[in-house]
Amino acid sequence: MKNASSITIAFVGPYAIFKGLSYNKSLVVGGYDQLNLSQFNDQSKALFYWYWHQVGAQINIDRINRDPNILPNTSISIKRFNNFPLKSRKKGSIVSNAMMTAYEIATEHPDVVAVFGELWSDTTIYSAEIFSQFQLPLCGSAQTAPKLLDKAKFPYYIQTLPLSPVPKLFSLALRSWNVKRLAVIIPDSGDDSDICGSVIVEIEREKIDILTTIRSSGDSTDVAQKLMKVDARYIFICMSPDATADIYFGLAKKKLFVGPQYVWLSINYPYPTGNATEKYGANYAENAKGFISLWSEDEPTENQDAQWEYLIKAVDRNHTLEEAVRDAVFYTTNTKDSYDCTGLLAYGIHKRIGSNAHFSREDLSNMSYSVFQDTGYRGITSDPFYLTDHGDSSRVMSLVYLDETMNVTAFGRGTISASEFVLIPGKHPIFYDGTSVPPSDGPVFLPKTMKMAAVDGICLIALVVIGIMVAIVFAISMLYFRKKSAGTLSISDFFEPHGGWYDDLVCHDFLVFWSTLRVQV
């Protein structure tokens, strides 16, 4: 047993949305082990995601406490802290609550040596700054705000999601396909500082016209109505996996905005929850072909497979879940990223104190992001686990296309410093029509061809002949009357050349009209 010494990792998140907990200030002091777990089955609510994130983080701590090779003389304890308002849910209250909780942990709980958690990027931006001031490392598994990659401001913040290359990856791909216009769908509760906003900035930097930005709750009918107002062929969607599925497959069921002339690009794989065939139709997956998504390119190692299996068994051992809920836990939440967060923190701490059971708090000071860049930790999402100089996961991210069975194939990649989108050798995207040719990003105008035998062609020729004849008459009249004084001109004299000019003008305008006819396709 690792009972010679102990340290504490704080779990910080919106515990106030759980029913049945009691608190001392922000510290959870009772009720957690007696929680009614049925409240965590609804994938549409934030408490579902936070519950399973922190479950994943705890499972890895329990594993490490049994591993004699990591912190052999030190056990890790967990303290849970609520950073969410118990009453007022206004944004100002949420942010201030997060800041007060961070300050409370840093000043009133000296046993806490590291922090896991936060669920939202907009609160993490404030709490991470406070934790950095007090030199407490914070690991996040759900944050998508590029601001947090600023190590001058957040030197003690790390995250297990790769974020650095993502914003530019989409814009480079669109540029390589010569796309100049598209529509954007983002969450109605989205923040412009998150990954969605960063992708939009990069898209605009490539001089791509954003026809509309739709803020959505996941209702495909509402999205359809708004897309009808623009002629968008390329659509970028930045929603959760289940909301992405609801919108995309919902539109496909309506036979709207999904087909050979459309290309959908997404941050997330469109993972359906619940009874997908009932919601979208028996053959809904066939419409997935050509869907472009972000994906981790790394092939899993044996260790990753073993860790993944360990996580699954640990969840199943303590929870009885319906199949749909179980699938959602493992494929729509960041449970495995949270598992890696506490693993990364533990290995970073081990790097400092090893088997020393008599360490001081000073031994664990100045543990900025650089301490965790290469700890030797072998995780589920990356093996071995490295951090970039921005403090996020260094694992390679690629763009993939889905086929009609929803299998994915990687075809291209990019980095934060890349100036070109690079295709993987021998790979090309396969779009909805089964080809590798990117569809046009808008309507194409082609000239209308008229046959000589057609009535309009005969009329056109006749008008040309008449116009020439009138012009000749006009020219002869001008030559004939060029020496005649204006005072001797009769009304008929004046009218004839004037009429010729008028007829010629009408004929010319008509010819221009017919010759510039276009047909929209």
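Worth saying up front: this structure is predicted, and the values here are computed from it rather than measured.

Criteria and cut-off values
- Residues numbered from 1 in each chain as written.
- Predicted model: local features only at pLDDT ≥ 70, side-chain atom pairs only at ≥ 80, totals over all residues.
- Heavy atoms only, no water.
- Helix = DSSP H or I, 4+ residues; strand = E, 2+ residues; numbered from the N terminus.
- Buried < 20%, exposed > 50% of the residue type's maximum accessible area, 1.4 Å probe, protein only.
- Contact = heavy atoms within 4.5 Å.
- Areas by Shrake-Rupley, 256 points an atom, 1.4 Å probe, with all protein chains shown as cover.
- Disulfide = S-S within 2.5 Å.
- Polar contact = N/O pair within 3.5 Å; in protein donor to acceptor, adjacent residues only side chain to side chain.
- Salt bridge = Lys/Arg side-chain N within 4 Å of Asp/Glu carboxyl O.
- Patch = residues over 30% accessible without salt bridge, like charges linked within 9 Å, V, L, I, M, F, W, Y side chains within 5 Å.
- Core = buried A, V, L, I, M, F, W, Y, C linked by side-chain atoms within 4.5 Å.

Colleague: Before we go on, may I ask you to explain the overall build of the protein chain in this structure?
Modeller: Counting secondary structure elements, the protein chain contains 13 helices and 17 strands. Here the protein chain, with 521 residues, has 51% of them falling under the buried criterion. Of the contacts made within the protein chain by residues no fewer than 6 positions apart, 72% connect residues no fewer than 24 positions apart. Approximately 24,800 Å² of the protein chain is accessible, and the part contributed by carbon and sulfur atoms is 55%.

Colleague: Any chance you could explain the state of the cysteines here in plain terms?
Modeller: Here, disulfide denotes a covalent bond that connects the sulfur atoms of two cysteines. One pass over the structure, following the stated rule, counts 2 disulfides. The disulfide bridge from cysteine 196 ends at cysteine 238, spanning 2.0 Å between sulfur atoms. On the S-S bond that ties cysteine 196 to cysteine 238, the torsion sits near -80°, and the link is left-handed. Taken as a pair, cysteine 196 in helix α5 (residues 195-205) and cysteine 238 in the loop between β10 (234-237) and α7 (241-253) lie far apart in primary sequence, 42 residues in all. No difference in accessibility class separates cysteine 196 from cysteine 238, as the two residues are buried. Going through the protein chain in sequence order and numbering each bonded cysteine, the pairs you get are 1-4, 2-3.

Colleague: Would you take a moment to explain the environment of glutamine 39 for this structure?
Modeller: Here glutamine 39 is to be found in the loop between β3 (27-30) and α1 (46-65). When the C-alpha atoms of glutamine 39 and lysine 19 are compared, they prove to be 8.1 Å apart, with 20 residues separating the residues in sequence. If we skip the residues at most four places from it in the chain, glutamine 39 touches Ile17, Phe18, Lys19 and Leu47. Polar contacts involving the side chain of glutamine 39 include one to the main-chain amide nitrogen of lysine 19, which spans 3.0 Å. Among the polar contacts made by the side chain of glutamine 39, one reaches the main-chain carbonyl oxygen of asparagine 36 at a distance of 3.1 Å.

Colleague: Quick question: what am I supposed to make of the pattern of salt bridges here?
Modeller: Oppositely charged side chains may form a pair once their charged atoms are brought near each other. Under the counting rule described, the total for this entry stands at 11 salt bridges. The partner of arginine 175 in a salt bridge is glutamate 206, and the shortest N-O contact between them spans 3.5 Å. With arginine 175 in helix α4 (residues 166-176) and glutamate 206 in the loop between α5 and β9 (209-216), this pair connects stretches of sequence that are 31 residues apart. With a closest N to O distance of 2.7 Å, aspartate 383 and arginine 378 form a salt bridge. You can call aspartate 383 buried: its relative accessible area is 16%. Taking the relative accessible area as the measure of exposure, arginine 378 reaches 43% and is therefore partly exposed.

Colleague: Any chance you could explain a nonpolar patch on the surface here in plain terms?
Modeller: Nonpolar side chains collect at one region of the surface, where Val464, Ile468, Ile472 and Ile476 lie side by side and expose about 340 Å² of accessible area between them. Summarising the element assignment, isoleucine 472 is placed in helix α12 (residues 455-480).

Colleague: Just checking my understanding: could you explain unusual backbone geometry for this structure?
Modeller: Residues other than glycine predominantly adopt negative phi, and peptide bonds predominantly adopt the trans conformation. Going from aspartate 383 to proline 384, the amide bond is cis rather than trans, its omega being -10°. The phi angle at leucine 71 is positive, at roughly 45°, despite the residue not being glycine. By relative accessible area, which is 0% here, leucine 71 ends up buried. Even without glycine at this site, asparagine 366 takes up a positive phi of about 55°. Residue placement: asparagine 366 occurs in the loop between α11 (335-353) and β13 (397-402). For asparagine 366, a relative accessible area of 44% gives the class partly exposed.

Colleague: How should I be thinking about the nonpolar core in this particular structure?
Modeller: As a rule of thumb, soluble globular proteins bury nonpolar side chains together. Counting residues in each nonpolar core, the largest one holds 63 residues, and the members touching the most others are Phe18, Trp52 and Ile349. Every element with two or more residues in this core is listed here: β1 (5-13), α1, β5 (112-117), α9 (302-318), α10 (323-331) and α11. Here the element with the most residues in this core is α1; it accounts for 11 residues. Those residues in contact with isoleucine 349, other than ones at most four positions away along the chain, are Ile7, Leu71, Val113, Ala114, Gly354, Leu364, Met367 and Phe372.

Interpretation in functional terms is not warranted from these geometric data alone.
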